[in-house]
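These are the residues of each chain, in order.
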Amino acid sequence: MQLLTALAVLATEEGAESGGGLSLILPPTSELIAGIIAFLIVFWFVGRRAMPMINRTLEARQQAITGQLSEAEEAKREAESLLADYRAQLADAKTEGNRIIEEARASGEQLKADIVARAEEEAASTLAKARDEAQSEKSRALAEARREVGEISVGLAERIVGGSLDGKMQQDLIDRYLADLEKL
Amino acid sequence: MATSECDVVNEVICAPANVNELFEFPTIFTIGGLEFSRTHILMLLAAFVTVAILYYGLRGQRLVPTKFGAAVEGMVDFVKDGIARDVIGPEGTKYVPYLMAMFFFLLVGNLFEITPLINFPITSRMAIPAFLALTTYVIFMFLGFAKNNFRYLIDTAWPKTVPIGLRWLVGLIEVFSIFILRPITLAVRLFANMVAGHLMLTLLLTSGLIFVAAIPEIGVKGTIGVFWFGLGLFMFLLEILIGVLQAYIFTLLTAIYIESSIHFEH
Amino acid sequence: MEGNIESLVGALSLVGYGLGAIGPGIGIGIVAGNAITAMARQPEMQGTIRTTMFLGIALTEALALIGFVLFFIASAG
């Protein structure tokens, strides 16, 4: 209550001495002038300086963001083309690999066939050689045997006959004999 | 408020003999019969502080602003987008400089109340609220009549959308409120808030200090000063909020009034 | 203060202002309360609601501010 009365007293006493409590609510001319000048300074600064500054900053920021976006777009496109390249290379490498494997397989197959063929051939030739050898051995042995049989026979016959036959006759005799023998 | 004037023995709070003591300072110099005091200097100081804040907050084309710059830019965007564009719409761009100058000037002026060594809200002198309210009044009156001719006045006084029985009453209230009350309340709202805030702060903090200092003289009664001082500190925090809010409301109402004149329909 | 008629006038104008502030006080409460309800119901309309709320508060507050001015006028006597 004391505060209230104090305030009331203030209002009235002030009214009594300065010709109206309105003096607080009605602005003195000098303050009006100072206030207007102060506001005009701020208004001038905002209109002439601050707004261009704000717009410039906004523009710069916008440009930076657009630049960054286009850069990012560029980088993305690059990365995509790179990826496509890699993909193509990978596919190439794959087909290459497949081809190599196929080739290797084919050549292996070829080699195998070759080896087998060669081995077979060799085997066949060895066999043939062996057979030839055996044949020749046989015929040689036969000829040997024939000759020896002839000699022995001749020897025998000489001993029996007591004389010797000349070579030519001897051989004829043997051949005849043998022919007879074969006819038997 | 001088300590000697305070009757700590009989009173419970120190009140100045004249409330104007808190708002009027002794004349420093006189130019052409006009007396200039600390108030006038503070007004100009407020203008320079506002300009300095805006300049240091916005200078350069920084892509990444500093902390201070970001704060100023936040407030600038708040006025530009939150007030001008949201309330007025696309036409609001034209009024952004006015609204922004108003908001920042009032913000600095209001916060002078709690700035150490200054401790005086220049908006608690009627000159600034009255001038700004008058400017706003001129702007929205001009817009109203420029865009709608005399339909602005006629349609306000005789609103067609209201039932005929109430039309004269609504019209009367509308005319009174738009043409007379708007500028007065706009100015008085800010003025009254700042006067009340400054009065409360000064009375509470000064009384608190005086009573605590007088404890050896008046004994236990002096502890009342602790209570006054605590309340004063609470008011101090509250005044920060009020200072910002009043600057916002003044600017917002200016925008609303301009908008109501641009998009006038009844 | 001792039977001073002027201080009585001052106190009475203060009481008058206090009485004048009751109505706007209630009114602003109603406006703000309903605005909060509206914002809670339709958060997407927040901007419009806030603007309308301040307009409503400004209109309601006018009475208290008239009271404030009248306090000065009346107490000036």
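What this report covers is the structure whose coordinates are included nearby. (Residues numbered from 1 in each chain as written. Chains lettered and ligands numbered in written order. Predicted model: local features only at pLDDT ≥ 70, side-chain atom pairs only at ≥ 80, totals over all residues. Heavy atoms only, no water.)

Comments concerning the overall build of chain C
Thought 1: Of regular secondary structure, chain C possesses two helices and zero strands.
Thought 2: Along the first, second and third principal axes, the C-alpha atoms of chain C reach 60 × 15 × 10 Å.
Thought 3: For chain C, the proportion of its 77 residues judged to be buried stands at 34%.
Thought 4: Looking at chain C alone, contacts between residues at least 24 apart form 71% of all its contacts between residues at least 6 apart.
Thought 5: A total of about 4,500 Å² of accessible surface is found on chain C, and carbon and sulfur atoms cover 71% of it. (Helix = DSSP H or I, 4+ residues; strand = E, 2+ residues; numbered from the N terminus. Buried < 20%, exposed > 50% of the residue type's maximum accessible area, 1.4 Å probe, protein only. Contact = heavy atoms within 4.5 Å. Areas by Shrake-Rupley, 256 points an atom, 1.4 Å probe, with all protein chains shown as cover.)

As for the overall build of chain A
Thought 1: Along the backbone of chain A there are three helices and zero strands.
Thought 2: The helix and strand sequence of chain A, counted from the amino end, reads α-α-α.
Thought 3: For chain A, with 184 residues in total, the buried portion stands at 18%.
Thought 4: For chain A, the exposed surface amounts to about 13,500 Å²; the carbon and sulfur share of it is 60%.

Quick word on the packing of helix α1 (residues 38-58) of chain B against helix α2 (residues 67-88) of chain B
Residue and element names in this part refer to chain B.
Thought 1: One can describe the packing of α1 onto α2 by two numbers: an axis separation of 8 Å at closest approach and a directional angle of 110°. Our classification of the angle between α1 and α2 gives roughly perpendicular. For the pair α1 and α2, the sense of crossing is left-handed. For the pair α1 and α2, the contacting residues are I53, L54, Y56, G57 and L58 in the first and F68, G69, V72, E73 and V76 in the second. (Axes fitted to C-alpha atoms, helices over the stretch in contact; angles between N-to-C directions. Parallel < 35°, antiparallel > 145°, perpendicular 65-115°, else oblique. Left-handed = near helix turned anticlockwise from the far one by under 90°.)

So, the side chain of T51(C)
Thought 1: Along the polypeptide, T51(C) turns up in helix α2 (residues 46-76).
Thought 2: For T51(C), a relative accessible area of 19% corresponds to the buried category.
Thought 3: The contacts of T51(C), once residues within four sequence positions are left out, are V87(B) and I256(B).

Let's talk about the pairing of strand β2 (residues 34-37) of chain B
For a regular strand, side-chain orientation follows a simple rule: the groups alternate between the two sheet faces.
Residue and element names in this part refer to chain B.
Thought 1: Direction of pairing for strand β1 (residues 27-31) relative to β2: antiparallel, over a ladder of four bridges. Its bridge partner lying in β2, T30 is registered against E35.
Thought 2: Counting the residues that bridge the hairpin from β1 to β2 gives two residues, and of these G32 lies at a positive phi of roughly 50°. (Pairing = 2+ DSSP bridges.)

A short note on the interface of chain B and chain C
Thought 1: If you look at the interface, chain B gives 14 residues, while chain C gives 12 residues.
Thought 2: Both faces combined, the contact of chain B with chain C buries some 1,200 Å², and carbon together with sulfur accounts for 83% of it.
Thought 3: Considering only the surface of chain B that becomes buried against chain C, V188(B), R189(B) and I256(B) emerge as the three largest contributors, covering 31% of it.
Thought 4: Between E61(C) and R189(B) there is a salt bridge whose closest N-O contact spans 2.3 Å.
Thought 5: At the level of secondary structure, the elements contributing two or more residues to the side of chain B that touches chain C comprise α6 (164-213) and α8 (224-262) of chain B.
Thought 6: Per-element accounting of the side of chain B that touches chain C gives the leading share, seven residues, to α6(B).
Thought 7: Partitioning the side of chain B that touches chain C into residue classes produces 11 nonpolar, two polar and one charged. (Buried area = accessible area lost by both parts, 1.4 Å probe. Salt bridge = Lys/Arg side-chain N within 4 Å of Asp/Glu carboxyl O. Nonpolar A, V, L, I, M, F, W, Y, C, P; charged D, E, K, R; others polar.)

With respect to the nonpolar core
For soluble globular proteins, nonpolar side chains are generally found buried alongside one another.
Thought 1: Core analysis: the largest hydrophobic core is formed by 92 residues, its most contacted members being M100(B) and F105(B).
Thought 2: Once residues lying within four places of it in the same chain are set aside, the contact partners of M100(B) are V46(A), M51(A), I54(A), V76(B) and V79(B).
Thought 3: Grouped together as the second largest cluster of nonpolar side chains are 13 residues, V8(B), I210(B), A214(B) and I218(B) included. (Core = buried A, V, L, I, M, F, W, Y, C linked by side-chain atoms within 4.5 Å.)

Description of the interface of chain A and chain B
Thought 1: Contact residues are listed per partner, giving 40 residues for chain A and 51 residues for chain B.
Thought 2: In total, chain A and chain B occlude about 4,000 Å² of area from one another, counting both sides; carbon and sulfur atoms represent 76% of this.
Thought 3: Where E31(A) meets R125(B), a salt bridge forms, and the shortest distance between an N and an O atom there is 2.8 Å.
Thought 4: On inspection of chain A and its partner chain B, the count reaches five residue pairs in polar contact (both at pLDDT 80 or more).
Thought 5: Listing elements by their share of the side of chain A that touches chain B, those giving two or more residues are α1 (2-18) and α2 (29-161) of chain A. (Polar contact = N/O pair within 3.5 Å; in protein donor to acceptor, adjacent residues only side chain to side chain.)

Focus: the packing of aromatic side chains
Thought 1: All chains considered together, the criterion is met by 20 aromatic pairs over all chains.
Thought 2: Taken together, the ring pairs in this structure connect F39(A), F43(A), Y98(B), F105(B) and F131(B) into an aromatic cluster.
Thought 3: Between R38(B) and the ring centre of F25(B), over which it is positioned, the NZ or CZ distance is 4.9 Å.
Thought 4: Directly above the ring of F140(B) sits R182(B), whose terminal nitrogen or CZ lies 5.3 Å from the centroid. (Phe/Tyr/Trp six-rings, centres within 6.5 Å; stacked < 30°, edge-to-face > 60°. Lys NZ or Arg CZ within 6 Å of the ring centre and 35° of its normal.)

A closer look at the pattern of salt bridges
Thought 1: For the structure on display, the rule yields 13 salt bridges over all chains.
Thought 2: The partner of R151(B) in a salt bridge is D155(B), with the nearest N and O atoms 3.4 Å apart. Of the two residues, R151(B) and D155(B) both sit in helix α5 (residues 151-157), four residues apart, roughly one turn of that helix.
Thought 3: Classification of R151(B) by relative accessible area gives partly exposed; the value is 45%.
Thought 4: Classification of D155(B) as buried rests on a relative accessible area of 11%.
Thought 5: Put simply, E96(A), R99(A) and E103(A) are held in one network by salt bridges that share partners.

Some points on unusual backbone geometry
Residues and elements named next belong to chain B.
Thought 1: Located in the positive-phi region is N119, a residue other than glycine, with phi close to 50°.
Thought 2: Looking at the element boundaries, N119 is found in the loop between α3 (96-111) and α4 (127-148).
Thought 3: We classify N119 as partly exposed; its relative accessible area is 37%.
Thought 4: Unlike most non-glycine residues, N149 shows phi in positive territory, near 50°.
Thought 5: Considering the arrangement of structural elements, one finds N149 in the loop between α4 and α5.

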